[in-house]
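Structural overview for review
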Amino acid sequence: MPEQRFDLAVVGAGLAGLCAALFAARKGAKVLVAGPNSSLQFASGFLDILAVQPVEQGRVWDHPFEAMAALVKDEPDHPYAKVGEDTVRRAMARLMEFLALSGLEYRSAGDKNQWMPTPAGTVKPTWAVPATMAAGAEAFRDRTPCVVAGIRGLKGFSARQVTENLAPRWPGISHVQAEFPGTAGQSEVFAERIARQLEGEAWRADFARALSPLVQGADCVALPAVLGMNRPGEVAEDLSARLAVPLFEIPTIPPAVPGVRLREAFLQGLSRMGVQTLFKARILPATLDPKQDPVLVAEAGDGPVEIHTKAVVLATGRFLGRGLLAGRKSITETVFGLPVTQPERRDQWHRIDFLDRAGHPVNRAGLETDELLRPLGPGGRPAHPRLFACGTILAHQDWVRQKCGAGLSASTALHAVRSALDAA
Amino acid sequence: MQTIVTRVLIIGGGATGTGLARDLALRGVDCVLAEKGDVNAGASGGNHGLLHSGGRYVSTDPEVAAECRAEAQILKQVASHCIEETGGVFVGVPGDDEAYMADFPSLCQKAGISCWELSPAEVRDMEPKAVDPCVVAYLVEDATIDPFRLSLENLAHAQSLSCQAFLGTRVAALERDGKRIVRAVLEKPSTGEQWAVEPEWVVNAAGAWSREVAALAGATVDILYSKGSLVITHERLTHRVINRLRPPGDGDILVPGGTVSLLGTTSVRIKDLADVRPTVAETDRIVEEAAQLVPSLESVRYIRAYAGVRPLITGTAGSESRGLLLIDHAGQGVENLTTITGGKLTTFRLMAEKAADLVCSRLGVDEPCRTRTEPLPLTSAGRWTEPGLAPRLWLRGHDPDDTLLCECEMVPASTVDQIVDALAGQGAAGDLKAVGLRSRVGKGLCQGALCGVRMLAHLYERGTYHGAEGLAALRRFVRARWRGMRPVLWGVSLSQEELQDALHCGFFCLELGQDDQPPPAGRNRKPPHA
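Parameters and conventions
Residues numbered from 1 in each chain as written. Chains lettered and ligands numbered in written order. Predicted model: local features only at pLDDT ≥ 70, side-chain atom pairs only at ≥ 80, totals over all residues. Helix = DSSP H or I, 4+ residues; strand = E, 2+ residues; numbered from the N terminus. Rg over C-alpha atoms; globule rule 2.2 N^0.38 Å. Buried ≥ 20, exposed ≤ 12 C-beta atoms within 10 Å, placed from the backbone. Contact = placed C-beta atoms within 7 Å. Domains from an automatic or database assignment. Nonpolar A, V, L, I, M, F, W, Y, C, P; charged D, E, K, R; others polar. Pairing = 2+ DSSP bridges. Right-handed = clockwise from strand over helix to strand, strands pointing away. Axes fitted to C-alpha atoms, helices over the stretch in contact; angles between N-to-C directions. Core = buried A, V, L, I, M, F, W, Y, C linked by C-beta atoms within 7 Å. Arc of directions from axis to C-beta. pLDDT = per-residue confidence, 0-100. Parallel < 35°, antiparallel > 145°, perpendicular 65-115°, else oblique.

With that out of the way, let us pick up the overall build of chain A. Check the secondary structure of chain A and you find 11 helices and 17 strands. Taking 2.2 N^0.38 as the reference for a compact globule, 424 residues should give roughly 22 Å; the C-alpha atoms of chain A span a radius of gyration of 22 Å, in line with that estimate. Along the longest, intermediate and shortest principal axes, the C-alpha atoms of chain A span 70 × 50 × 40 Å. Counting all 424 residues of chain A, 54% fall into the buried class. Put simply, of all contacts in chain A between residues at least 6 apart along the chain, 69% involve residues at least 24 apart.

The helix and strand inventory of chain B stands at 14 helices and 23 strands. In terms of overall size, chain B behaves like a compact globule, its C-alpha atoms giving a radius of gyration of 23 Å where 530 residues would be expected to give roughly 24 Å. Projected onto the principal axes, the alpha-carbon positions of chain B cover approximately 65 × 60 × 45 Å. Within chain B, buried positions represent 58% of all 530 residues. Sequence separation of at least 24 residues holds for 74% of the intrachain contacts in chain B that already meet a minimum separation of 6.

What follows is about the domain arrangement of chain A. Residues and elements named next belong to chain A. Here chain A is partitioned into domain 1 (3-103 + 260-423) and domain 2 (119-250). Using C-alpha coordinates to define each centre, domain 1 is positioned 33 Å away from domain 2. Each partner contributes to the interface: domain 1 provides 16 residues, whereas domain 2 provides 14 residues. Among the secondary structure elements, those contributing two or more residues to the side of domain 1 that touches domain 2 are helix H3 (79-101) and helix H9 (257-272). Of all the elements, H9 adds the most residues to the side of domain 1 that touches domain 2, at 3 residues. Split into classes, the residues belonging to the side of domain 1 that touches domain 2 amount to 9 nonpolar, 3 polar and 4 charged.

Moving on, we come to the domain arrangement of chain B. All names here are of chain B. As far as domains go, chain B holds domain 1 (3-43 + 148-223 + 320-363), domain 2 (70-144 + 225-306) and domain 3 (388-512). The gap between the C-alpha centroids of domain 1 and domain 3 is 31 Å. Facing the 7 residues of domain 1 at the interface are 6 residues of domain 3. Residues of the side of domain 1 that touches domain 3, tallied by class, amount to 4 nonpolar, 1 polar and 2 charged.

Quick look at unusual backbone geometry now. In this chain, Pro254 of chain A is followed by Pro255 of chain A through a cis amide linkage whose omega measures -5°. Looking at the element boundaries, Pro255 of chain A is found in the loop between strand S10 (247-250) and H9. Cis geometry is adopted by the peptide bond preceding Pro133 of chain B, which originates at Asp132 of chain B and carries an omega value of 0°. By secondary structure assignment, the location of Pro133 of chain B is in the loop between helix H4 (120-126) and strand S7 (137-140).

Let's shift gears to the pairing of strand S1 (residues 3-11) of chain B. Residue and element names in this part refer to chain B. Strand direction decides the pairing type here: S1 and strand S12 (residues 193-204), joined by 8 bridges, are parallel. Directly across from Ile10, in S12, lies its bridge partner Val203. In the sheet, S1 pairs with strand S2 (residues 31-34) via 4 bridges, with the strands oriented parallel. Residue pairing across strands places Ile11 opposite Ala34, the latter belonging to S2. This β-α-β element, S1 to helix H1 (residues 15-26) to S2, shows right-handed connectivity.

Bringing the sheet that holds S10 of chain A into the picture now. Residue and element names in this part refer to chain A. The parallel open sheet is built from 4 strands, whose spatial order is S8-S7-S9-S10. Of all strands in the sheet, those bounded by a partner on one side alone are strand S8 (173-178) and S10. Pairwise comparison of adjacent strand axes, ignoring direction, gives a mean angle of 30° for this sheet. As paired elements, strand S7 (residues 146-151) and strand S9 (residues 220-224) share 3 bridges and run parallel to each other. Counted as the bridge partner of Val147 is Val221 from S9. Packed on one face of the sheet, helix H4 (residues 131-142) meets S7, S9 and S10 and runs near 95° to S10.

Residue and element names in this part refer to chain B. Spatially, 3 strands are ordered S3-S8-S4 in an open sheet, and the strand pairing comes out antiparallel. Looking at which strands have only one partner, the edges of the open sheet turn out to be strand S3 (50-51) and strand S4 (83-84). Along the sheet, helix H2 (residues 62-78) contacts S3, S4 and strand S8 (143-145); its crossing angle with S8, the most-contacted strand, is approximately 60°.

Contacts between the two partners involve 39 residues from chain A and, on the opposite side, 44 residues from chain B. Put simply, the parts of the chain that give the side of chain A that touches chain B at least two residues each are helix H5 (159-166) and helix H10 (399-402) of chain A. Considering every element that reaches the side of chain A that touches chain B, the biggest residue donor is H5 of chain A, with 4 residues.

Looking now at the nonpolar core. Core analysis: the largest hydrophobic core is formed by 317 residues, its most contacted members being Val10, Ala20, Ala21, Val313, Phe388 and Ala413 of chain A together with Val203 of chain B. The leading source of residues in this core is helix H1 (residues 15-26) of chain A, at 10 residues. With sequence-adjacent residues up to four places away left out, Val203 of chain B is seen in contact with Val8, Ile10, Ile11, Leu20, Thr338, Ile340, Ala355 and Val359 of chain B.

Residue and element names in this part refer to chain A. Relative to strand S14 (residues 303-314), strand S1 (residues 3-11) runs parallel, the two being bridged by 8 bridges. Directly across from Val10, in S14, lies its bridge partner Val313. Bridge analysis of S1 against strand S2 (residues 31-34) gives 4 bridges, and the strand direction is parallel. Along S2, the bridge assignment pairs Val11 with Ala34. Once the chain exits S1 it traverses H1 before rejoining the sheet at S2, and the crossover so formed is right-handed.

Residue and element names in this part refer to chain A. Of all the positions in helix H7 (residues 201-211), only Arg204, Phe207 and Leu211 are classed as buried. Mapping the buried residues of H7 onto a view down its axis gives an arc of 65°, with all of them on the same face. Structural note: H7 exposes Ala202 and Arg209 on the side pointing more than 90 degrees away from its buried face.

Let's shift gears to the environment of Gln268 of chain A. Here Gln268 of chain A shows up in helix H9. Through-space distance from the C-alpha of Gln268 of chain A to that of Val88 of chain A is 24 Å; in sequence the pair is 180 residues apart.

Residues and elements named next belong to chain B. For chain B, per-residue confidence averages 89 on the pLDDT scale, and 93% of positions sit at 70 or higher. Contacts of residues 515-530 to residues separated by more than four positions or lying in other chains number 23 contacts, the stretch itself having pLDDT below 50. Interface confidence in the predicted complex, given as ipTM, is 0.97; pTM for the same model is 0.90.

This next bit is on the packing of H3 of chain A against helix H11 (residues 405-423) of chain A. Helix-helix packing is characterised by the crossing angle of the two axes and by the distance between the axes. All names here are of chain A. Where H3 meets H11, the axes come as close as 7 Å, and the angle between the chain directions of the two elements is 100°. Relative to H11, H3 is oriented roughly perpendicular. Facing Pro79, Lys82, Val83, Thr87, Val88, Arg90, Ala91, Met92 and Leu95 of H3, the residues of H11 in contact are Gly407, Leu408, Ala410, Ser411, Thr412, Ala413, Leu414 and His415. Along the lines of polarity and charge, the residues of the contact of H3 with H11 split into 10 nonpolar, 5 polar and 2 charged.

With that settled, the discussion passes to the environment of Tyr465 of chain B. All names here are of chain B. Assignment of secondary structure puts Tyr465 in the loop between helix H12 (451-461) and helix H13 (469-485). The class of Tyr465 is buried, set by 26 C-beta atoms lying within 10 Å. Linking Tyr465 and Ala184, residues 281 residues apart in sequence, is a C-alpha distance of 32 Å.

Here we take up helix H7 (residues 280-290) of chain B. Taken as a whole, H7 of chain B has its buried residues at Val280, Glu282, Thr283, Ile286, Val287, Glu289 and Ala290 of chain B. Buried positions along H7 of chain B lie against strand S13 (223-233), strand S15 (253-257), strand S16 (260-264) and strand S18 (302-314) of chain B.

As structure tokens, then:
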């Protein structure tokens, strides 16, 4: 079996795994990141740090770091209590810097959460948003008269839905329906295709001509997230100049363009930094000998490869990412068979109401770790001195209800990588 | 208050109520049907859709067994488009009572039910997923019936003749003048609108709710509530109905339903009709029991569970029975009220016939029952409930302007539009749950996570929703789907649920919303004048 050697092997290529690879590569380590990287396409594009605490009360915070101070007091087991505010700030800054270098600029609003319109017609509090969406938070805050322009045939996005729901709070909002050039007679159009087309100037000119009469006199215009794939900033700026009106994007329902942009930005950036990727490979279940360096086997299309590494970061996510597997009776961890903290019985996994604010107990199931983010083995001690975990596989967090997904992934990735490189 | 004068008021829109509406309409009797929820909202929609050969009851209730056999034969003639003649197998599982197995053929013979013994090799060949080896196996004439299609079409046919139906409409009061009910007050809880019906006769076909309905007129009905839960697999596992050859018990049957299989059932006595839902414990019990019949049930993927409440008649010694019961309330001092309850989906037609015979004799109507021979017309009302139909039609060709809203079950926008327009006539245009009941939307892999959102956007664009109505409808829809999803969330189903949680709560923040109110009054159609 062929062998490869690394300083750090990251298992899992969602946001946490990709962040871990990025942070380690920045420090000059030789890094591998392995596993399917499809989960990012489900991202909304928003980068959350923390907005709701405690979830039972549905209390929404304007300041994520004030929320975090309250959280670590209420929930000392939350991963944020292990990483600390400074690591969260640093990880988010590095992530945003990296994405900007890959052509995907993000904006935060100082230390405050921003309220972003969603395609449902609700608003969501989040920390940082793609630059192409940033004007949306300002427009909602200032209640700037705004025209939401839908695109005919784009399934799951209704400009009328957005305005009907926002209008009570945003009186100057209205909607129009545009047709994307060249799609007359098509029953369905695809956001990703439009986004790639709009990278071309001719398409932008045509689209601007179609939009212009519809948005005449608007103070600002909202569009579904279709403004470019690899250079969205330029596309949005150019279209805005052509229409002579500020523009912003509202994300569409996933899988969607903002998630694909994130994935593509990571791919380009990581390859620029020399990170080796094995996105089509599966890391086979393994038993680690605590007295030796970790050895993994990656099963790729062209046969198995033996991975020798000084340290491992496990970032395989939850059920969708296949880091955790739910049987009918209990939940297991899929790569190393690590103990999973979980409710005692399956009828305690979920609450009676899907929309219960308190969240479902199963969402807080996951791995226990020490302060260095080393997952604990059956004896309550780290399973291996140089095995670390980060992201949503960690126990005692509910990233969905707390609105802390990106911050959790990036900060635990940074903390795990620091611990791993120190140990290696 | 507006008043509708009619001959018969039917309370309840399940298989019996809709069947009775059609029976009366075919005899030329004018009627009004009021259903507080939607068609088949109770036990009629919460069963496995089995058209009994009768084999299940040969040991416990030969009379019911013979009734099932006779009715199944009639329905196969008059409602064949709602029925799949799958056939059924009774399988003797090693370890079960072999004396019962040995008696089965003679008991079938006594009840007039056909059964043929199968060799182990024949069982393997016909049903490769059944337990192997089995002790013994018998082939019977079980079939499956789509209860939603059946009731939707019974009602549609009745409406085309002489029946007015009000769904989402409760009976708020039954007012008496002496020994007769003279007026019923109907109410649409979603809007608070009320109107009156003045019937000559009232039939209580409210199933598990018939005790409450009788009480409105000061009458009583003695029934027990038995909750039955079922579980649906993602794929169809067998060609035929697979029965466990033992006395009726939990988890003893696997019924094919188009592209899926349904496992059931449990029987749990309950006292309260509020909040009936399938539980994790029942689901586990069904899966574990049924896996003894079809071992791969331990590892297959499940889509959801559901529960219904059977109204069981209390017998003389307090024992329960699956027979039907026709109660004339004259003895209790109410002369023009009849309750029809008990029974089974298979015998719904007979129940309707008996109730209609009684009502007609009292009303002096001298028309015979025609549902025995008159074929149930094929209408568009029920056709979209058929699994696999939408994809077949879509693949065969579709309008270039059309687009799929539900990608799992391939339900196009045109179908949703058709259903929504039909619902608008019943004052429930924007009810995503009602669309789900009349089609396969929300029944596929995503269980409504994505198609619910796509339907919502589509219906907003169409102008069906105003203000926050759509989001409220989405919340109701996902909450309704959740009842059935929650007990089966392991394996891939849990991964899908994680995606839904991230979308509906993480992204849309629906859990934080406050706008989950019923739609404002005045948007719904006013009830028609008499």
